[in-house]
Amino acid sequence: MTDEERRKRERKLGRQLSEIFGIHFEEMMDLLGDPPDYSKLDDEYWLRYQADLLRVLSPQLEQLFYDDFMAAAQRFGITFGVETGSADSLQFIRNYSFNLVKGITETTRKGIQDALSQFYEQGDFMLEDVAQKLYRFYSPVRAEMIASTEITRATVEGERASGRELAERYGLSIVDIWQTARDEKECELCRPRDRHIIRDGVYPPMHPRCRCGIRQEIMNEERQIEYEAGLEDAN
Ligand SMILES: [Zn+2]
């Protein structure tokens, strides 16, 4: 995926999430009432929130996962059939989208509950202050952050699934190599991992907005040792 393509996807997903956040923010403030009562945010509200997020995230992340799953194999000259292997992988990404959305929902729910308890403790507060504080969880900034981070994850997971499939099916010894997004200063955290073979099970995204990726290569153990020695020399 080119940088431009990536930005396009980020913008699209960010915009759609932002729209959903906007609608749910309004609804939440209405439900809470004045003075705000947390118990008015019933399970139904959260189920709607979750369903709307899933509706937007799931198809786009699944598509990305699938595209990168296919593209990764094609780099080794292998084309997976539409029916082969991908069923497991699609199941994987479906559970994954669902768990992701569940996580976002939980974080939001907890954040709102905590913010409101702070206001309750304080006793005297304005509804505007509450709205401003709660908006953080529904802001375009958060929407963009989620879009960026999750696009990284779906891409990397698609490639990993492809590598597992190639290893299983053809016995290829595929290694995953960390690649930082060199233009992003946010990825300073990841820089020490750049070009290293991933051996500890830690994959991008390492942090919110991480734009790192992986590169896959076929290397036997001897070649891996050589490669890593080469990295040492370069430092
Ligand atoms: Zn990174």
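Residues numbered from 1 in each chain as written. Predicted model: local features only at pLDDT ≥ 70, side-chain atom pairs only at ≥ 80, totals over all residues.

A few points about the environment of Thr107
Tracing the backbone through its elements, the reader meets Thr107 in helix H3 (residues 86-122). In this structure Thr107 comes out as exposed when scored by C-beta crowding, with 12 C-beta atoms within 10 Å. (Helix = DSSP H or I, 4+ residues; strand = E, 2+ residues; numbered from the N terminus. Buried ≥ 20, exposed ≤ 12 C-beta atoms within 10 Å, placed from the backbone.)

So, the environment of Met145
Examined against the element boundaries, Met145 turns out to sit in helix H5 (residues 140-170). Of the residues examined, Met145 has 15 C-beta atoms within 10 Å and is grouped as partly exposed. Separated by 135 residues in sequence, Met145 and Glu10 place their C-alpha atoms 9.1 Å apart. Non-local contacts of Met145, meaning those with residues more than four positions away in its chain, are made with Pro208 and Arg209. (Contact = placed C-beta atoms within 7 Å.)

Concerning the nonpolar core
The biggest cluster of nonpolar side chains holds 24 residues, and the ones touching the most others in it are Leu17, Leu61, Phe65 and Ala147. Elements that contribute at least two residues to this core include exactly helix H1 (3-32), helix H2 (43-74), H3 and H5. The greatest single-element share of this core, amounting to nine residues, is contributed by H2. Beyond its immediate sequence surroundings of up to four residues, Phe65 is in contact with Ile93, Ala154, Glu157 and Gly158. Val156, Cys187, Cys190 and Ile214 belong to the second-largest nonpolar core, a separate cluster that totals eight residues. (Core = buried A, V, L, I, M, F, W, Y, C linked by C-beta atoms within 7 Å.)

Quick look at unusual backbone geometry
For the bond running from Asp34 to Pro35, omega is 0°, close enough to zero to count as cis. Examined against the element boundaries, Pro35 turns out to sit in the loop between H1 and H2. Omega for the bond connecting Pro204 with Pro205 falls within 30 degrees of zero, at 0°, which places this linkage in the cis form. In this fold, Pro205 is placed in the loop between strand E1 (174-179) and strand E2 (213-218). Despite not being glycine, Arg195 shows a phi value in the positive range, around 70°. Within the element layout of this structure, Arg195 appears in the loop between E1 and E2. One non-glycine residue, Arg209, lies in the positive phi region at around 70°.

Read these as geometric descriptors, not functional statements.
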